[in-house]
Amino acid sequence: MLNIKPFIEKLNGLKFDDMYLNDFLLTWEKTDQEIDALFTVADALRHLRENNVDTSIFESGLAISNFRDNSTRTRFSFSSAANMLGLAVQDLDEGKSQIAHGETVRETANMISFMADVIGIRDDMYIGKGNTYMREVSKSVQEGYDEGVLEQRPTLVNLQCDIDHPTQSMADMLHIIHHFGGVENLKGKKLAMTWAYSPSYGKPLSVPQGIVGLMTRFGMEVTLAHPEGYEIMGDVEAVAAKNAAATGGKFTKTNSMCEAFKGADIVYPKSWAPFAAMEKRTDLYGKGDMDGINALEKELLAQNAKHKDWECTEELMALTNGGKALYMHCLPADITGVSCKEGEVSASVFDRYRVPLYKEAGFKPYIIAAMMMMAKCENPQKVLEMLANKNAQRWMK
């Protein structure tokens, strides 16, 4: 029998009942034990797959994929996770639906959910819109289930919104846990979440917000660094400060990339748009003011160009703890001299960390699968044990 016992024993000591038949929209809406349980299930699923064990828990069913913004890693991670559990994936192409003809969110949510078990949504472009839309879909499918329209209540997974990117930050955190040999080794570790220059504008704030909103829960010293004017949401900063105070860690802010890198154990240089500018863009789109949008884009590109020195270079990496900090990025990175003339990271730094970066991304399918499984299985311990005992081979060698 495949040894799944350590994962089950750990889950037996955690309380996560509320995750059953529930959504995953923001990491800070989940308890510490729920987060720990999700990491454990993700690791268990990975252990099973690495040992060629079939992890299908569905004989049929759909996972609805609704991407309102472009994606590579998250899109394929969602499909991989659904397939891993036995669900077929169906994309909701809004351009080919009746949404353009005025179909309401409530109607669309119910029409796509008749045989759906999971709905994954990415809606990260407009401040105040994405997470709100997800909650409207969630409310709509709950009403459909309560009224007997739907045989089952689909679980919603936030694949990135305007506030948080939980599948990314959770995958990043699991990568950190494995890199440092366990969550018990993270207390006091220094993480620098820093802005970095990009030749494009309008990158979402949800990655830096997701990182500071989650990493501060593990007793680490988290620094948020950005030039003046590139602030993130104040509400998320408040979450980070509260987390740090509760775990004995630190949450600090600086306008110096150099300061943030000094002594850091982990660095995460990533471009994002200023919160105030994203609010303005949302307002302009709402008014259909394309001239205003074009003017804002030029303004923000010029603003970015003033901070080309915010680049992750070998010189900055040398300032980190022993010069060996773990470099992280959600990908794709703007690589100087490779994908752009000047960008977030030098080619030499990126190339040295290419394999760890790919491994970091590789945790995401398991995180998403764990979110699905814990929402659909009342007793994931029992299900994991059944999968291990069955020991069905995923493919014949």
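See the structure printed just above.
Now for a look at the structure at hand. Here the structure is a predicted model, which is why all the values come from computation and not from measurement.

A word on the sheet that holds strand S1 (residues 62–67)
Thinking step 1. Spatial strand order, S2-S1-S3-S4: four strands in an open sheet with parallel pairing. Sheet topology places strand S2 (88–91) and strand S4 (155–161) at the edges, where each strand pairs with a single neighbour. For this sheet, the mean angle separating the axes of adjacent strands, direction not counted, is 20°.
Thinking step 2. Where helix H3 (residues 73–85) meets the sheet, it contacts S1, S2, strand S3 (116–123) and S4, and its direction lies at approximately 175° from that of S1.
Thinking step 3. Each of S1, S3 and S4 is contacted by helix H5 (residues 130–146), which is oriented at about 170° to S4, the strand it contacts most.

Overview of the side chain of Asp-172
Thinking step 1. Residue placement: Asp-172 occurs in helix H6 (residues 166–179).
Thinking step 2. In this structure Asp-172 is buried but unpaired, with Lys-364 as the nearest side chain of opposite charge at 7.2 Å.
Thinking step 3. Within the structure, the side chain of Asp-172 is placed 2.8 Å from the side chain of Tyr-268, a separation counted as a polar contact.

Focus: the environment of Ile-64
Thinking step 1. Mapped onto the secondary structure, Ile-64 falls in strand S1.
Thinking step 2. In sequence terms Ile-64 and Ala-361 are 297 residues apart; their C-alpha atoms lie 22 Å from each other.
Thinking step 3. Discounting chain neighbours no more than four positions away, the residues touching Ile-64 are Phe-78, Gln-90, Leu-92, Ile-112, Ala-116, Val-118, Ile-119 and Gly-120.

A look at the packing of aromatic side chains
Thinking step 1. Enumeration according to the criterion identifies five aromatic pairs in this entry.
Thinking step 2. Their ring planes at 55° and their centres at 5.8 Å tell us that Tyr-327 and Tyr-353 sit as a pair that is tilted. Of the two residues, Tyr-327 sits in strand S9 (residues 326–327) while Tyr-353 sits in the loop between helix H13 (347–352) and helix H14 (354–362), which places them 26 residues apart along the sequence. When sorted by exposure, Tyr-327 lands in the same class as Tyr-353, which is buried.
Thinking step 3. Positioned over the ring face of Phe-363 is Arg-46, at 4.6 Å from the centre of the ring.
Thinking step 4. Its guanidinium or amino end placed over the ring of Tyr-133, Arg-68 lies 3.7 Å from that ring's centre, counting from NZ or CZ.

Focus on unusual backbone geometry
Thinking step 1. The omega torsion across Leu-331 and Pro-332 is 0°, close enough to zero to call that bond cis.
Thinking step 2. Note that Pro-332 resides in the loop between S9 and strand S10 (335–336).
Thinking step 3. Residues other than glycine seldom take positive phi values, yet Leu-331 does so here, at roughly 65°.
Thinking step 4. Following the sequence through the fold, Leu-331 ends up in the loop between S9 and S10.
Thinking step 5. Relative accessible area serves as the criterion here: at 12%, Leu-331 is assigned to the buried category.

So, helix H16 (residues 380–390)
Thinking step 1. Listing the buried residues of H16 in full gives Pro-380, Gln-381, Val-383, Leu-384, Leu-387 and Ala-388. On an axial view of H16, the arc spanned by its buried residues comes to 165°, and they lie on one face. Looking at H16, the residues exposed on the side facing more than 90 degrees away from the buried face are Lys-382, Met-386 and Lys-390.
Thinking step 2. The secondary structure elements touched by the buried residues of H16 are helix H1 (5–12), helix H2 (32–50) and helix H15 (364–376).

Looking at the sheet that holds S9
Across a sheet, strands are paired by hydrogen bonds formed along the backbone, either parallel or antiparallel in direction.
Thinking step 1. As summarised here, the arrangement of the five strands in space is S7-S6-S5-S8-S9, forming an open sheet in which the pairing is parallel. Strands with a single pairing partner mark the edges of an open sheet, and in this sheet they are strand S7 (250–254) and S9.
Thinking step 2. Pairing of strand S6 (residues 221–225) with S7, which is carried by five bridges, proceeds in the parallel orientation. When the bridges of S7 are listed, Leu-224 appears paired with Lys-253.
Thinking step 3. On the sheet, helix H8 (residues 234–247) packs against S6 and S7 and is oriented at approximately 140° with respect to S7.

Cut-offs applied
- Residues numbered from 1 in each chain as written.
- Predicted model: local features only at pLDDT ≥ 70, side-chain atom pairs only at ≥ 80, totals over all residues.
- Heavy atoms only, no water.
- Pairing = 2+ DSSP bridges.
- Helix = DSSP H or I, 4+ residues; strand = E, 2+ residues; numbered from the N terminus.
- Axes fitted to C-alpha atoms, helices over the stretch in contact; angles between N-to-C directions.
- Contact = heavy atoms within 4.5 Å.
- Buried < 20%, exposed > 50% of the residue type's maximum accessible area, 1.4 Å probe, protein only.
- Lys, Arg positive; Asp, Glu negative; His and termini not counted.
- Salt bridge = Lys/Arg side-chain N within 4 Å of Asp/Glu carboxyl O.
- Polar contact = N/O pair within 3.5 Å; in protein donor to acceptor, adjacent residues only side chain to side chain.
- Phe/Tyr/Trp six-rings, centres within 6.5 Å; stacked < 30°, edge-to-face > 60°.
- Lys NZ or Arg CZ within 6 Å of the ring centre and 35° of its normal.
- Arc of directions from axis to C-beta.

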